[in-house]
Amino acid sequence: MRKLTLDDIKDLRAYERERDEFRRQIVAMKKRRRVQLGDLLTITFENTDTMRFQIQEMARIERMLTDEQIEQEIETYNQLIPAPHELSGTLFVEIDNKERLYEWLPKLVGIQRAVSIWLHDGSSVPSIPEDEERLTREETTTTVHYLKFRSSPDQVEAFAAGPVRIVVDYSNYDAVVELSEEQRSELLRDLRD
């Protein structure tokens with residue numbers, strides 16, 4: 001999948017002109033790329049477009065005007081764009097009640113290593129946490145984790161044949177979700193890109 005360059009990021013005025021339409025496209029795309037994993041977790045699979053949107057919105061909110069500022073964001077977010085035979089996901093702990101959040105974050109330490117993709121051929125693709133040292137402490141976890149899923153060519157073909165399940169197998173939390181045809185099709189483009 002193509003990484004972003006400075007030429008991909010519009011200046012603030014140009015972005016404002018396209019923002020409404022681009023946001024509509026990204027919201028629709030993210031609906032196909034977002035998977036609810038039980039009551040507490042979701043994962044959104046990232047690609048070049050979702051990362052461009054993230055950078056554009058960061059630049060807009062923080063009023064980034066220099067190439068150096070934008071290049072720093074590009075460098076950070078390009079790491080989340082998947083390579084061939086790879087999926088890249090942002091795992092969210094989605095708890096909006098502060099007391100419940102403080103109850104669950106210590107219980108979910110290590111959850112980022114408990115997510116995998118199960119394929120119909122019996123193989124699985126485990127999550128590989130990115131930036132784990134910064135996002136996790138011994139006693140508590142954060143509400144956001146960045147994950148990679150690296151597949152072999154055979155696993156990509158098994159993914160294409162379906163069915164595909166996203167599985168969370170953790171001591172305090174379990175979830176199994178089968179991807180819809182639309183989701184599987186969307187993510188297969190990432191794997192084959």
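Colleague: I'm lost on the environment of Leu 191 in this one. Help?
Modeller: Looking at the element boundaries, Leu 191 is found in helix H7 (residues 181-192). Along the sequence, Leu 191 and Arg 165 sit 26 residues apart, while their C-alpha atoms lie 15 Å from each other. Sequence-distant contacts of Leu 191, defined by excluding residues within four places in its chain, comprise Pro 84, His 85, Glu 86, Leu 87, Ser 151, Val 156 and Phe 159.

Colleague: Just to check I follow, could you spell out the sheet that holds strand E8 (residues 164-170) for this structure?
Modeller: In a beta sheet, neighbouring strands pair by backbone hydrogen bonds and run either parallel or antiparallel. The antiparallel open sheet is built from four strands, whose spatial order is E5-E4-E8-E9. Every other strand in the sheet has two partners, leaving strand E5 (124-126) and strand E9 (173-178) as the edge strands with one partner each. Direction aside, the axes of adjacent strands within the sheet are offset by 20 degrees on average. As paired elements, E8 and E9 share six bridges and run antiparallel to each other. Bridge pairing links Val 168 to Ala 175 in E9. Sitting on the sheet, helix H6 (residues 153-161) is in contact with strand E4 (115-119), E5 and E8, with an inclination near 75 degrees to E4.

Colleague: What's the story with the side chain of Thr 141 in this structure? I'm lost.
Modeller: You can see Thr 141 is positioned in the loop between helix H5 (132-135) and strand E7 (144-150). At a separation of 2.7 Å, a polar atom in the side chain of Thr 141 contacts the side chain of His 145.

Colleague: Quick question: what am I supposed to make of the packing of helix H1 (residues 12-33) against H7 here?
Modeller: For any two helices packed against each other, the geometry comes down to the angle between their axes and how far apart the axes lie. Contact pair H1 / H7: the axes reach a minimum separation of 8 Å and the direction vectors enclose 105 degrees. With respect to each other, H1 and H7 are oriented roughly perpendicular. Contacts between H1 and H7 involve Met 29, Arg 32 and Arg 33 from the first element and Glu 182, Gln 183, Glu 186, Leu 187 and Asp 190 from the second. Its residues placed into classes, the contact of H1 with H7 shows two nonpolar, one polar and five charged.

Colleague: Is there a simple way to explain unusual backbone geometry in this structure?
Modeller: Residues apart from glycine generally show negative phi values, whereas peptide bonds are mostly found in trans. Residues Gly 162 and Pro 163 are joined by a peptide bond in cis, for which omega reads -10 degrees. Inspection of the secondary structure assignment puts Pro 163 in the loop between H6 and E8. One non-glycine residue, His 85, lies in the positive phi region at around 65 degrees. Inspection of the secondary structure assignment puts His 85 in the loop between helix H3 (67-78) and strand E3 (86-93). On the accessibility criterion, His 85 (31% relative accessible area) is partly exposed.

Colleague: What is the right way to read the sheet that holds strand E2 (residues 41-45) from this model?
Modeller: Read across the open sheet, the five strands follow the order E1-E2-E3-E7-E6; overall the sheet is antiparallel. The open sheet terminates on both sides in strands that have one partner only, identified here as strand E1 (34-37) and strand E6 (128-130). For this sheet, the mean angle separating the axes of adjacent strands, direction not counted, is 30 degrees. Where E1 lies against E2, four bridges are found, and the strand directions are antiparallel. Counted as the bridge partner of Arg 34 is Thr 44 from E2. H7 contacts E1, E2 and E3 of the sheet and is inclined by roughly 125 degrees relative to E3.

Colleague: What should I look at first to understand the packing of H6 against H7 in this one?
Modeller: Orientation of H6 relative to H7, taken along the N-to-C sense of each, is 160 degrees, at an axis distance of 10 Å. Put simply, H6 runs roughly antiparallel to H7. As for the relative orientation of H6 and H7, their crossing is left-handed in sense. On H7, the residues touching Val 156, Glu 157, Phe 159, Ala 160 and Ala 161 of H6 are Arg 184, Leu 187, Leu 188, Leu 191 and Arg 192. Taken together, the residues that form the contact of H6 with H7 break down as seven nonpolar, no polar and three charged.

Colleague: When you look at the pairing of E3 in this model, what are you seeing that I'm missing?
Modeller: Within a regular beta strand, the side chains point alternately toward one face of the sheet and then the other, so they alternate between its two faces. By the criterion of burial, E3 is predominantly enclosed, with seven of the eight residues buried. Relative to E3, E2 is paired through five bridges, and the arrangement is antiparallel. Paired with Phe 45 across the bridge in E3 is Gly 89.

What counts and what doesn't
Numbers given to residues run from 1 along each chain, matching the order in which its sequence is written. In keeping with the model being predicted, local features are shown solely for residues with a pLDDT of at least 70 and side-chain atom pairs are shown and tallied solely at 80 or more, while totals for entire chains, interfaces and linings include all residues. Each side-chain value is derived from all of the structure's non-hydrogen atoms; neither hydrogens nor water enter the calculation. Here a strand is any run of E in DSSP of at least two residues, a helix any run of H or I of at least four, and the numbering for each starts at the N terminus. Two residues form a contact once any of their heavy atoms are found within 4.5 Å. For two strands to be treated as a pair, DSSP must find no fewer than two bridges joining them. Here an axis means a line fitted to C-alpha atoms, over the contact stretch when the element is a helix, while the angle between two N-to-C directions is reported on a 0 to 180 degree scale. As used in this structure description, the phrase polar contact means that two N or O atoms lie within 3.5 Å; if the pair is within protein, one of them must be able to donate a hydrogen and the other to accept it, and residues adjacent in sequence are counted only when both atoms belong to side chains. Any angle that falls under 35 degrees is termed roughly parallel, while one over 145 is termed roughly antiparallel, one within 65 to 115 roughly perpendicular, and all others oblique. Under the scheme applied here, ten amino acids are nonpolar (Ala, Val, Leu, Ile, Met, Phe, Trp, Tyr, Cys and Pro), four are charged (Asp, Glu, Lys and Arg), and all others, including Gly, are polar. Exposure classes here rest on a 1.4 Å probe applied to the protein chains alone. A residue is buried below 20% of its type maximum, exposed above 50%, and partly exposed in between. Crossing handedness follows the turn of the near helix against the far one: under a right angle anticlockwise gives a left-handed crossing, and clockwise gives a right-handed one.

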